Amino acid sequence: MAKIPFKGYCFAVGTTSYRTDKFNLNIERQLEMMSRFRELPENRGISWTSNSAFQAAYYNYLKADGFVKGDAPRPDKDARQKTSGLKDIGLMDEERNVTAAGRALLAISKKGDFTPDNLLEIPKDSYIFLKQLLKTANDVDGSIVRPFVVFLSLASRLAYLTYEEFTYLLPLCVDRETTERVAAEIRRCREGNQGVDDIILSVLMKKENYQAALELLLAEPVTEDLICTVGINRKSKVYDKPYYAIYRELERIVFERDGSAPLRLLAATSKLTNSKVGGAWRKLLFKVSTEASAKNKRLDVMNDIPLLRAADEAEFKREFFRAMHLIKAKATLSDYFDLNRRYFKVTDVVIFEDGKVCLDVLPKCFFAEAGEELTDLAFRRCAQLEEDVPLEAIAPCLAVEPARLYARLSREVGVAVTDSTAAKQVLKARRYARFDRMVEARFTKEVLSRLFEMFRLRQDGEIHRLVTDNADIPTIYEYITAIAWYRISGCKGDVLEYMNLSLEADLLPRTHAGGGEADIVWKYGATDHYPAHTLLIEATLSDGSGQRRMEMEPVSRHLGDYRLAHGDEEAYCVFTSTNVNYNVISDFRLRRDMVYYSPDGSHKVKGLKILPLYTEQIADLLKAGVEYDQVYRLLDQAHRAEEEPREWFERRIAGACKRVGGCR
């Protein structure tokens, strides 16, 4: 029987074998570790390619550093998986040396200054990632495609992609012809003239191997070998053996009306090696998928679909072929969604929000200025992948004049923008509008209270699921604490600035190699209820003796240094954690009467106002809708009270928070 080869039909950035959380952090750490590994005398000049021992040595180096845990059955393979994505986007070369682009990113990480210094107003590290993604290309069965550039082209033409379009259609755009067809088909789809499944099948059925496979299926008597051949399995046709039983049971249902076939069909779908594929078949075929429901030997458990309404064998074969390859393709494409999303998000120009994927407003205007010339880049390699080059060196069309960019931005937002300062103001206003929508939708008072309890119990997996997996838990704790305080403050104040964290374009936190340790510094103007002042919020997840060791000195030092640097400005500190430590509370109470000196003793401040407010109390305040003026009064009164530390905290802080909440 003729062999029908599998041919690639979609792109992906990186590799599905390495799906890492804390994406930015892990990239930065790996660049640092590979640099150090390569600098060891015994590793200089050693070839990586086809050198399993050397690759295993790198894995063990990662393990010694704590980057990986456990014992990989094949450490060399694990090392290749850990580094292949960095090679794909040009941060490492084939020999796993850190490239010029990688060194530029590493230098930014080490310095810890990510402040935007570019026309797009994105952080320095994101700008490096943007340039790398603009250069990154896949070879898909001999077709060269730059995935991110294709996305820019479609997003510019269509305004946005839905999550479904991003998942199932964007990766199919591996050449110019397919990209143009998909863009046109998406427009028709949005008008209600067809569905995404139709577009996927139309792309697949343009491929010669799929056409040949269907012709073979139509021409030959069906055997297990034929079904395996027309399955075009990427690994081996033996993986497609379960489809033969599925085909035969479907045949009995359609042409023999065999009431016992649904139960056997249900069992046959469970033998598919990919559980996602098996689940999709059951969803397609059955109104219900449980074995008990199929045991009644009635055909009405089946869905009313074209495959089960086939009038003859030829139509049945066509519908089976379409269903088999549509389900396979969607399973593959859905595997790539998270991968493509992670890489695209590190550029900080792409927003995933409300089921849509689009460009942030300034990048949208920037790439619109680049115009159709940008699309010309999408289907050829870039020779500068590993170099750290300016945007205009990647393509002349990326040398966008600021005046033209700001003019387009003005038209886009309906506000005059003539320079970088005005652009930043526009961007800030739009970020806050998106942030407020997100806080209202995702971080209600009830969700924040649940999260605080999860932090106390260290339910890290649930926290990552509810917030993000691109930041470590201490960073997320600080972020959630800031949002809780934002709600307590009536959603007023420059919280995105105050929280001092690195945020993605989606305004969720991320962790850098040196990040996660900044204080929350909140500025309050004078009102009828309190004077102008600054609040430092120190958030920590340390507990027990670790809390004493790690927090007692730094917290007082941060507040003392702040007050020394800001003269007569009123400032105090709220220390928050998940667990109460009475010795820490006692220490902070003693600071009320201490003198804090500058290092040379030439300046001093008397009395440090540090109040403990644990997550349980913050949750109480949130649930009761208590506002900041009441919190300020409660804490100020507590600060002035005279009691032993433990009794003081339980009555003046914990008890007062419950009383204030209970009286509303």
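Parameters at a glance
Residues numbered from 1 in each chain as written. Predicted model: local features only at pLDDT ≥ 70, side-chain atom pairs only at ≥ 80, totals over all residues. Heavy atoms only, no water. Helix = DSSP H or I, 4+ residues; strand = E, 2+ residues; numbered from the N terminus. Buried < 20%, exposed > 50% of the residue type's maximum accessible area, 1.4 Å probe, protein only. Contact = heavy atoms within 4.5 Å. Lys, Arg positive; Asp, Glu negative; His and termini not counted. Charge placed at Lys NZ, Arg CZ, Asp CG, Glu CD. Phe/Tyr/Trp six-rings, centres within 6.5 Å; stacked < 30°, edge-to-face > 60°. Lys NZ or Arg CZ within 6 Å of the ring centre and 35° of its normal. Pairing = 2+ DSSP bridges. Axes fitted to C-alpha atoms, helices over the stretch in contact; angles between N-to-C directions. Parallel < 35°, antiparallel > 145°, perpendicular 65-115°, else oblique. Nonpolar A, V, L, I, M, F, W, Y, C, P; charged D, E, K, R; others polar. Expected span 1.5 Å × (residues − 1). pLDDT = per-residue confidence, 0-100. Core = buried A, V, L, I, M, F, W, Y, C linked by side-chain atoms within 4.5 Å. Salt bridge = Lys/Arg side-chain N within 4 Å of Asp/Glu carboxyl O.

Before going further, it helps to examine the overall build of the protein. Tallying secondary structure elements over the protein gives 30 helices and eleven strands in all. A principal-axis box enclosing the C-alpha atoms of the protein has dimensions of 95 × 65 × 60 Å. Across the 664 residues of the protein, 55% fall into the buried class. Pairs at least 24 residues apart make up 68% of the contacts formed inside the protein by residues separated by at least 6 positions. Computed over 98 positive and 99 negative side-chain charges, the inter-centroid distance for the protein is 3 Å.

Now for the packing of aromatic side chains. Enumeration according to the criterion identifies 39 aromatic pairs in this entry. On the numbers, 6.1 Å between centres and 55 degrees between planes, the contact of Tyr163 with Phe352 is tilted. Taken together, the positions of Tyr163 in helix α7 (residues 163–168) and Phe352 in strand β4 (residues 350–353) put the pair 189 residues apart, joining distant regions of the chain. Residue classification places Tyr163 among the partly exposed residues on the basis of a relative accessible area of 31%. Residue Phe352 is classed as buried on the basis of its relative accessible area of 9%. A centroid spacing of 6.2 Å and a plane angle of 65 degrees characterise the contact between Trp485 and Tyr628, whose relative ring orientation is edge-to-face. Separated by 143 residues along the polypeptide, Trp485 in helix α24 (residues 473–488) and Tyr628 in helix α29 (residues 628–640) bring together distant segments of the chain. A relative accessible area of 3% places Tyr628 in the buried class. Clustering of aromatic rings is evident, with ring pairs tying together Trp485, Tyr498, Trp522, Tyr524, Tyr530, Tyr572, Tyr628 and Tyr632. Looking at Arg190, its charged tip hangs above the ring of Tyr160, at a distance of 4.0 Å from the centre.

Looking now at the sheet that holds strand β3 (residues 161–162). Within the open sheet, the three strands sit side by side as β3-β5-β4. Their pairing is antiparallel. Sheet topology places β3 and β4 at the edges, where each strand pairs with a single neighbour. As judged from the two bridges shared by β3 and strand β5 (residues 356–359), these two strands associate in the antiparallel manner. Along β5, the bridge assignment pairs Thr162 with Lys356. Against the sheet, helix α6 (residues 147–158) engages β3, β4 and β5, with an angle of about 95 degrees to β5.

Our next topic: the environment of Phe54. With respect to the secondary-structure elements, Phe54 resides in helix α2 (residues 52–65). For the pair formed by Phe54 and Gly278, sequence separation is 224 residues and the distance between their alpha carbons is 40 Å. Once you skip the residues sitting within four places of it in the chain, Phe54 turns out to touch Phe37, Arg38, Asn43, Ile46, Ser47 and Trp48.

Before going further, it helps to spend a moment on unusual backbone geometry. You will see that Ser50, though not glycine, has its phi angle at about 60 degrees, which is positive. When you line up the elements, Ser50 lands in the loop between α1 (23–39) and α2. Of the residues examined, Ser50 reaches a relative accessible area of 74% and is grouped as exposed.

Turning to the packing of helix α9 (residues 196–204) against helix α16 (residues 313–345), a few remarks are in order. Direction vectors running N to C along α9 and α16 enclose 100 degrees, while the axes themselves pass 10 Å from each other. It follows that α9 is roughly perpendicular to α16 by the angle criterion. Of α16, the residues touching α9 (which contributes Asp197, Asp198, Ile200, Leu201 and Leu204) are Arg322, His325, Leu326, Ala329 and Lys330. Among the residues forming the contact of α9 with α16, the class breakdown is five nonpolar, one polar and four charged.

Turning next to α24. Every α-helix winds through 3.6 residues per turn, so residues three or four apart in the chain are directed the same way. Compared with the 22 Å implied by 1.5 Å per residue over 16 residues, the 22 Å span of α24 between its first and last C-alpha is a close match. Counting buried positions along α24 gives 15 out of 16 residues, so the element sits mostly inside the fold. Phi for Gly490, located one or two positions after α24, is positive at around 70 degrees.

So, about the confidence of the model for the protein. Should pLDDT be low for a region, the predicted coordinates there are not to be read in detail. Summary statistics for the protein give a mean pLDDT of 92 and a share of 95% for residues scoring 70 or more. Per-element averaging of pLDDT across the protein places helix α15 (residues 291–294) at the bottom with 66 and α7 at the top with 98.

If you trace the four strands from one edge of the open sheet to the other, you get β6-β7-β8-β11, paired in mixed fashion. Since the sheet does not close on itself, it has two edges, and those belong to β6 (520–524) and β11 (610–612), each with one partner. Shown here is a sheet whose adjacent strand axes are inclined to one another by a mean of 25 degrees, direction ignored. Bridge analysis of strand β8 (residues 571–576) against β11 gives three bridges, and the strand direction is parallel. Considered in β11, the bridge of Val574 is made with Leu611. Its contacts with the sheet place α29 against β6, β7 (533–539), β8 and β11, and it is angled at close to 95 degrees to β8.

The next subject is the nonpolar core. Where a protein is soluble and globular, its nonpolar side chains tend to be buried together. In terms of nonpolar packing, the biggest core is built from 145 residues, with Phe148, Phe151, Leu250, Trp281, Phe320 and Leu398 touching the most fellow members. The leading source of residues in this core is α16, at 14 residues. Once residues within four sequence positions are removed from consideration, Phe320 is found in contact with Ile227, Tyr243, Ile246, Tyr247, Leu250, Trp281 and Leu307. The next biggest cluster of nonpolar side chains, apart from the first, holds 80 residues, and it includes Met438, Phe455, Ile483 and Leu611.

Right, let's talk about the pattern of salt bridges for a bit. One pass over the structure, following the stated rule, counts 56 salt bridges. We note a salt bridge from Asp76 to Arg74, for which the minimum N-O separation is 3.9 Å. Residue Asp76 is classed as buried on the basis of its relative accessible area of 11%. In this structure Arg74 comes out as partly exposed when scored by relative accessible area, which is 45%. For Glu504, the salt bridge goes to Lys345, with nearest N and O atoms at 3.0 Å.

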